[in-house]
4 protein chains.
Amino acid sequence: MSKIDKKQEILKAALELFAEQGFHGAPMSKIAEKAGVAAGTVYCYFESRDILIHELFLEVKERINRFLYDRRIIEGTVRERFQTVISGLLRYFVTHPEDFRYLEQFHNSPYGVEYRRIRFFGSTGEEDRMKSLFTDGMKQKVIKDIPMVILFSLTLGPLFDVARDHILGFIQLDDDLVQLTVNACWD
Amino acid sequence: MSKIDKKQEILKAALELFAEQGFHGAPMSKIAEKAGVAAGTVYCYFESRDILIHELFLEVKERINRFLYDRRIIEGTVRERFQTVISGLLRYFVTHPEDFRYLEQFHNSPYGVEYRRIRFFGSTGEEDRMKSLFTDGMKQKVIKDIPMVILFSLTLGPLFDVARDHILGFIQLDDDLVQLTVNACWD
Amino acid sequence: MSKIDKKQEILKAALELFAEQGFHGAPMSKIAEKAGVAAGTVYCYFESRDILIHELFLEVKERINRFLYDRRIIEGTVRERFQTVISGLLRYFVTHPEDFRYLEQFHNSPYGVEYRRIRFFGSTGEEDRMKSLFTDGMKQKVIKDIPMVILFSLTLGPLFDVARDHILGFIQLDDDLVQLTVNACWD
Amino acid sequence: MSKIDKKQEILKAALELFAEQGFHGAPMSKIAEKAGVAAGTVYCYFESRDILIHELFLEVKERINRFLYDRRIIEGTVRERFQTVISGLLRYFVTHPEDFRYLEQFHNSPYGVEYRRIRFFGSTGEEDRMKSLFTDGMKQKVIKDIPMVILFSLTLGPLFDVARDHILGFIQLDDDLVQLTVNACWD
DNA sequence: AATGAATGAGACTTCATTCAT
DNA sequence: TATGAATGAAGTCTCATTCAT
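Q: So what's going on with the protein's contact with DNA strand F? Residues and values would help.
A: Close contacts around DNA strand F come from 28 residues, with Thr41 of chain A, Arg49 of chain B, Met28 of chain C together with Thr41 and Tyr45 of chain D the closest. Backbone atoms, meaning sugar and phosphate, form 71% of the atoms of DNA strand F found within 4 Å of the protein. Here a phosphate oxygen of DNA strand F sits 2.9 Å away from a polar atom, N or O, in the main chain of arginine 49 of chain C. Here a phosphate oxygen of DNA strand F sits 3.0 Å away from a polar atom, N or O, in the main chain of alanine 38 of chain D. Every element with two or more residues in the surface near DNA strand F is listed here: helix 1 (3-21) and helix 3 (42-45) of chain A together with helix 3 (42-45) of chain D. Taken together, the residues of the surface near DNA strand F break down into 15 nonpolar, eight polar and five charged.

See the structure below:
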């Protein structure tokens, strides 16, 4: 197994365990075992547990960005682009429940707190595209002139909540529901 | 200090530590110390750490119910009652950030998972009032006929997100913003 | 409840718990609860746990002595007196399994060790009578001239073992078996 | 020190402490210290304290079986074979007082209770040989036809008692006494 | 004498991390 | 690089004992 493969194997094992058991239920030894390496080996790739957790977050975020980037539409009305992004995200979460669960774990822990702040001061990737989308929308008067952060909360909040309900098995997401959710987010 | 006072003191210390540091960062020893009692004393009031965590959840839930109950309006249009509940909740969270933080911690942990399910099958208290509000709204055709769970996600989701942003200091909630959020939830 | 009653109640509770659960499984709080008194009250009657355990031993020993004393026969051959003592002891243990279990616990613990030594240097009560019985037997040449301690082991050992097997339910002691055991002890 | 050595070192330390101080007086920390390892290391070899205690029992039992197996005589009269086994056991206990003390502790504790029952339903090792010896004896009418369990009690009981008295220093076992005890057991 | 809440030492156990191989 | 045995700090919980009431 190449170096990169082994690192990926560890990240994958960590993701699955964190998603299923939470941070608390996934000691380094279990992660190593699931990844098929020795306990000490993990430290060849990640200096500490904290760093592993952070790198995994970046990895997941990057995956989402790549996914959305591939399906992006630059042309079209703000409404259409919004629809694309939101339904894309929703579909991603539904098809990658472990990524979703991990993001939730991460944000809801001391680890994630600092990232909320970083988000506020700007970051790279998908969020930028989202922001420019909102900015365009506001310019065209199709989106109300609300502080950006609130906009984020209002649109992404329901998205996360619906995704969570789906993953927990409370609801079954079909195309109609996706559409419904997107509409709700838009409204 | 009376027995009840001491129990409250422990709950208070636990709430603050859990809210600030998460479950992981708040060992029983710290809770005891912050409450001004010996380590063993906590076990006079709570059989185990898990039970303390659960009782604290019930306590917080109860506080919220009491708060909303005191400000409830039974008369009025669905829209007005909705406004009352939502803005009430928002105000509660903003003025009781530790309760809010704790609820988040709790729901996002193995402890809280079972409660999501319980919520689904109905429970007592505020959620019932919320449901009947939604039911009334749907009957009067002022609320779209969407599955109840989704409705919860769509309305409470933004509420939680905005509250979180305020508590984290990203935004300053004023009356305008509260109104804005309520409107968004309603939409 | 009089003072003496209360002390007896505590001893009784301790006996039952120690017999059933062993020393390890019977904390002072349980003993107090079973005795119907508060935890602190036990310390009005027994300075410490160790002292309670020792006094309970003396109590049990005393009960056995009284039981045998009531049924003693001074007249008769050595063989007859031996038969009386041994079958009496056996019957006592069978009808008082908790006393028996306690004695076993006690002797098989750091607490009991010193009493083995004391026994060696002589003590009061039943053992004296047993000794004089053996001495008489040896004088009359009906008992082999073996060191007293060995004699004790050889005669009381089987007795304890049979009693234990009965209490544990491995065997059912009837008159025949009692007789058999007495004979074996005598042999 | 090799892995096996370290495991043996821990078992040895545990044996000595349990024999000297009883289960109660030998916490894991002391065992580890005596074995010359860190506290956590014990758990590399034994999942829990209970498991350590059980494995130590098996270890001691195995040692005794090996010892007797090496000195076994298959030929000879029942009386001779009996003599070999009993005096062998006695010598073993006298030369391995810690093993003896440990067996006593073990059987007289919640841990050992289940083994009494197992013994009853048969087990491997030395006890089988003992049983077949008794069976042969009964067939040849040199041993009375008594239930097997009683026979065990009657023969092994004195053996244990004499061994205990020797180990506690009450008596000095010499060849004569060994012979005497064997005779007594046989009778 | 009696209470029982409170104490705190100490027990068992887990696990992130290190390091000799 | 990789290993995995070893470490030991830290966590949860128990319980004999004390003491203000």
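Q: Before we move on, can you summarise the pattern of salt bridges with the specific residues and values?
A: Scanning all chains against the criterion turns up 36 salt bridges over all chains. Here glutamate 104 of chain B and arginine 164 of chain B are joined by a salt bridge, their closest N and O atoms 2.5 Å apart. Of this pair, glutamate 104 of chain B sits in helix 6 (residues 97-107) while arginine 164 of chain B sits in helix 9 (residues 148-167), and the two are 60 residues apart along the sequence. Its salt-bridge partner being glutamate 59 of chain D, residue arginine 63 of chain D comes within 3.4 Å of it at the nearest N-O pair. Residue arginine 63 of chain D and its partner glutamate 59 of chain D are located together in helix 4 (residues 49-70), separated by four residues, close to a single helical turn. Relative accessible area serves as the criterion here: at 23%, arginine 63 of chain D is assigned to the partly exposed category. Among the ionic contacts, a cluster of salt bridges with common partners joins Lys12, Glu16 and Lys34 of chain A.

Q: Tell me about the packing of aromatic side chains, residues and numbers included.
A: All names here are of chain A. Within this structure, the stated rule accounts for 48 aromatic pairs over all chains. The interplanar angle of 70° and the centroid separation of 6.2 Å between the aromatic rings of tyrosine 92 and phenylalanine 93 together place this pair among those described as edge-to-face. We note that tyrosine 92, like phenylalanine 93, is buried. Members of the aromatic cluster, joined through ring pairs, are Phe18, Phe23, Phe57, Tyr102, Phe106 and Tyr111.

Q: Tell me about the side chain of serine 109 of chain C, and please be specific about residues and values.
A: Along the polypeptide, serine 109 of chain C turns up in the loop between helix 6 (97-107) and helix 7 (110-120). In this structure the side chain of serine 109 of chain C is engaged in a polar contact, spanning 2.8 Å, whose partner is the backbone oxygen of phenylalanine 106 of chain C.

Q: Can you lay out the domain arrangement of chain A for me, pointing to particular residues and giving the numbers?
A: All names here are of chain A. Under the domain assignment used here, chain A contains domain 1 (1-46) and domain 2 (56-186). In this assembly, 10 residues from domain 1 lie in contact with 12 residues from domain 2. For the pair domain 1 and domain 2, the summed buried area comes to about 910 Å², and 69% of that belongs to carbon and sulfur atoms. Summed over the three residues of domain 1 that lose the most area to domain 2, namely Leu15, Ala19 and Phe23, the buried surface amounts to 61% of that side. On the surface where domain 1 and domain 2 come into contact, there are zero salt bridges. Counting across the interface, domain 1 meets domain 2 through zero residue pairs in polar contact (both at pLDDT 80 or more). Partitioned by chemical class, the residues of the side of domain 1 that touches domain 2 number six nonpolar, two polar and two charged.

Q: Before we move on, can you summarise the protein's contact with DNA strand E with the specific residues and values?
A: As a matter of local geometry, DNA strand E sits amid 27 residues, with Met28 of chain A, Thr41 and Tyr45 of chain B, Thr41 of chain C together with Arg49 of chain D nearest to it. Among all atoms of DNA strand E positioned within 4 Å of the protein, those belonging to sugar or phosphate total 74%. Of all the secondary-structure elements, those providing two or more residues to the surface near DNA strand E are helix 3 (42-45) of chain B together with helix 1 (3-21) and helix 3 (42-45) of chain C. Its residues assigned to classes, the surface near DNA strand E shows 15 nonpolar, seven polar and five charged.

Q: Please set out helix 2 (residues 28-35) of chain A residue by residue, giving values where relevant.
A: All names here are of chain A. For helix 2, the complete set of buried residues consists of Met28, Ile31, Ala32 and Ala35. One side of helix 2 holds all its buried residues, which, seen down the axis, span an arc of 95°. As for helix 2, its buried residues are in contact with helix 1, helix 3 and helix 4 (49-70). Of the residues flanking the end of helix 2, it is glycine 36, one or two places downstream, whose phi is positive at about 75°.

Q: Break down unusual backbone geometry for me, with residues and values.
A: Even without glycine at this site, lysine 141 of chain A takes up a positive phi of about 65°. Counting through the fold element by element, lysine 141 of chain A comes out in the loop between helix 8 (126-139) and helix 9 (148-167).

Q: Just give me the short version of the packing of helix 4 (residues 49-70) of chain B against helix 6 of chain B, but keep the residues and values in it.
A: All names here are of chain B. Contact geometry of helix 4 with helix 6 gives a least axis separation of 10 Å together with a crossing angle of 130°. For the element pair helix 4 / helix 6, the angle class is oblique. Handedness of the crossing formed by helix 4 with helix 6: left-handed. Every residue of helix 6 that contacts helix 4 at Ile53, His54, Leu56, Phe57, Val60, Arg63 and Ile64 is listed here: Asp99, Tyr102, Leu103, Phe106 and His107. Of the residues belonging to the contact of helix 4 with helix 6, the class tally is eight nonpolar, two polar and two charged.

Conventions used here
- Residues numbered from 1 in each chain as written.
- Chains lettered and ligands numbered in written order.
- Predicted model: local features only at pLDDT ≥ 70, side-chain atom pairs only at ≥ 80, totals over all residues.
- Heavy atoms only, no water.
- Near = heavy atom within 4 Å.
- Polar contact = N/O pair within 3.5 Å; in protein donor to acceptor, adjacent residues only side chain to side chain.
- Helix = DSSP H or I, 4+ residues; strand = E, 2+ residues; numbered from the N terminus.
- Nonpolar A, V, L, I, M, F, W, Y, C, P; charged D, E, K, R; others polar.
- Salt bridge = Lys/Arg side-chain N within 4 Å of Asp/Glu carboxyl O.
- Buried < 20%, exposed > 50% of the residue type's maximum accessible area, 1.4 Å probe, protein only.
- Phe/Tyr/Trp six-rings, centres within 6.5 Å; stacked < 30°, edge-to-face > 60°.
- Domains from an automatic or database assignment.
- Contact = heavy atoms within 4.5 Å.
- Buried area = accessible area lost by both parts, 1.4 Å probe.
- Arc of directions from axis to C-beta.
- Axes fitted to C-alpha atoms, helices over the stretch in contact; angles between N-to-C directions.
- Parallel < 35°, antiparallel > 145°, perpendicular 65-115°, else oblique.
- Left-handed = near helix turned anticlockwise from the far one by under 90°.

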